[in-house]
Amino acid sequence: MTNSTQTFHYRYQHDTPVMKIDLPKDKNASHGDHWAILTEHIGDDVPNWLQQMLDKATLPVGLGQNHANAGKLLIGTNDACHIKQILAIKDGKPQSFINAFPAVNSPYGLTCQIERIIRCDETSDAILRLKTPDGAIIYAFDQLYAVNRTEYRANTDYYVNFSAWAYNIEPSRDDETILVEDQDAIRYHRAFNDIVAANDGKVPNDIDEQIRQWQPKDHNPDEPFAPVEINLGHMCAYLFGETFGQEDEAWCQGQVLGKSSDSFFGQEITLFDVVILREPDAQPFVVRIATPSTPQTHSIQVHDYIQANIWLQAAIYAANQK
């Protein structure tokens, strides 16, 4: 299927635009805190980076075929860690600077529908409220809003790539545990694990009925179940921000599935591929998280559990739609 066919399908499959909520410029958090992840000298470094990126700038392709949308041009680079810059254009020529932010490319994503958009049109900043087929709600900053802003439709499936910058990232604490002593809760926990294990790791459709009928093996029914200790440091969790206009600022915990490195204008960056939601019968939510390299990031290994404060980003490309 060609990109033009894909664009036609996603543009006209549903004709209802996604609901938009306006975020006034004075309420928009801007990107100062995001640049501060990468430098303590924003006023000096960022203008230099913006100038340097022009030497190898590319035009990211969103859902539409035009690189420009409503007088705005989006440029970036193909590096894993890079800058996206938005310029005002007229008659095909750049006129003025609008906005810029650090971005991360990610190969990981989920199929989602866009429930609503929180936007600041003056700066082309937007936060997408996304819903997965299993009902999970995700808020993420839209890297491509400048070119996708007129393309999104309600009740339409999009494949969304997810990435993030980490304000801080650290190993989860193995001593964070809770002791479950409630007999009904322990019985449910043991029954669920036994039944899933007997079904090759899959949750059967009649799981509730099987749990009701489950009987433990090698256990005296006259004796209570032993308490169950749950390690909270070995759980996957995602919590989006509670402040309006900052829902993309999130806390997460998860397991490292992959680790690699990149550079950002001479600075070493560590990339962690982390699963932060992992539920039965649902696609795992994996995010590529970038952070400046430190002795602590070097010590974190694949299979370790981490927790982090992140700025979550989304990107919806035409080439990734099915």
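A short tour of the structure in this document, coming up.

Calculation notes
- Residues numbered from 1 in each chain as written.
- Predicted model: local features only at pLDDT ≥ 70, side-chain atom pairs only at ≥ 80, totals over all residues.
- Heavy atoms only, no water.
- Helix = DSSP H or I, 4+ residues; strand = E, 2+ residues; numbered from the N terminus.
- Expected span 1.5 Å × (residues − 1).
- Buried < 20%, exposed > 50% of the residue type's maximum accessible area, 1.4 Å probe, protein only.
- Arc of directions from axis to C-beta.
- Contact = heavy atoms within 4.5 Å.
- 1 Å grid on protein atoms, 1.4 Å probe; cavity = no way out; pocket = protein on both sides within 12 Å on 5 of 7 lines; lining within 4 Å.
- Points joined across faces, edges and corners; volume = space filled by probe spheres on them.
- Nonpolar A, V, L, I, M, F, W, Y, C, P; charged D, E, K, R; others polar.
- Core = buried A, V, L, I, M, F, W, Y, C linked by side-chain atoms within 4.5 Å.

Brief notes about helix 3 (residues 42–53)
- In a regular helix each residue adds 1.5 Å, so twelve residues correspond to 16 Å; helix 3 covers 16 Å between its end C-alpha atoms and thus fits that length.
- Among all positions in helix 3, only Val46, Trp49, Leu50 and Met53 are buried. Mapping the buried residues of helix 3 onto a view down its axis gives an arc of 100°, with all of them on the same face. Opposite its buried face, helix 3 presents the exposed residues Gly43, Asp44 and Gln51, each directed more than 90 degrees away.
- In this fold, the buried residues of helix 3 make contact with helix 2 (32–36), strand 3 (72–75), strand 4 (81–90), strand 5 (93–104) and strand 13 (249–264).

Things to note about the layout of surface pockets
- Estimates place the volume of the largest pocket at around 470 Å³.
- Considering the residues around the largest pocket, the lining is formed by His189, Phe192, Ile230, His234, Met235, Cys236, Leu277, Arg278, Glu279, Pro280 and Tyr305.
- Residues belonging to the lining of the largest pocket are distributed by class as follows: seven nonpolar, two polar and two charged.
- Looking at the second largest pocket, it is lined by 20 residues, and the ones nearest its centre are Leu110, Thr111, Ala282, Gln283 and Pro284.
- Contributing elements (two or more residues each) for the lining of the second largest pocket: strand 6 (109–120) and strand 15 (285–292).
- Looking at the lining of the second largest pocket, the element that brings in the most residues is strand 6, giving three residues.

Side note on the nonpolar core
- By size, the foremost hydrophobic cluster in this structure holds 43 residues, and its most contacted members are Tyr152, Phe162, Phe285 and Leu312.
- Excluding residues that lie within four positions of it along the chain, Phe285 makes contacts with Leu110, Ile138, Phe162, Tyr238, Val274, Val275, Ile276, Leu277 and Leu312.
- Counting residues in hydrophobic clusters, the runner-up holds 32 residues, among them Val46, Ile89, Ala146 and Phe264.

Comments concerning the environment of Asn148
- Here Asn148 shows up in helix 4 (residues 145–148).
- In this structure the C-alpha to C-alpha distance between Asn148 and Ile316, which are 168 residues apart in sequence, comes to 8.1 Å.
- Beyond its immediate stretch of four places on either side in the chain, Asn148 contacts Gly62, Leu63, Gly64 and Ile316.

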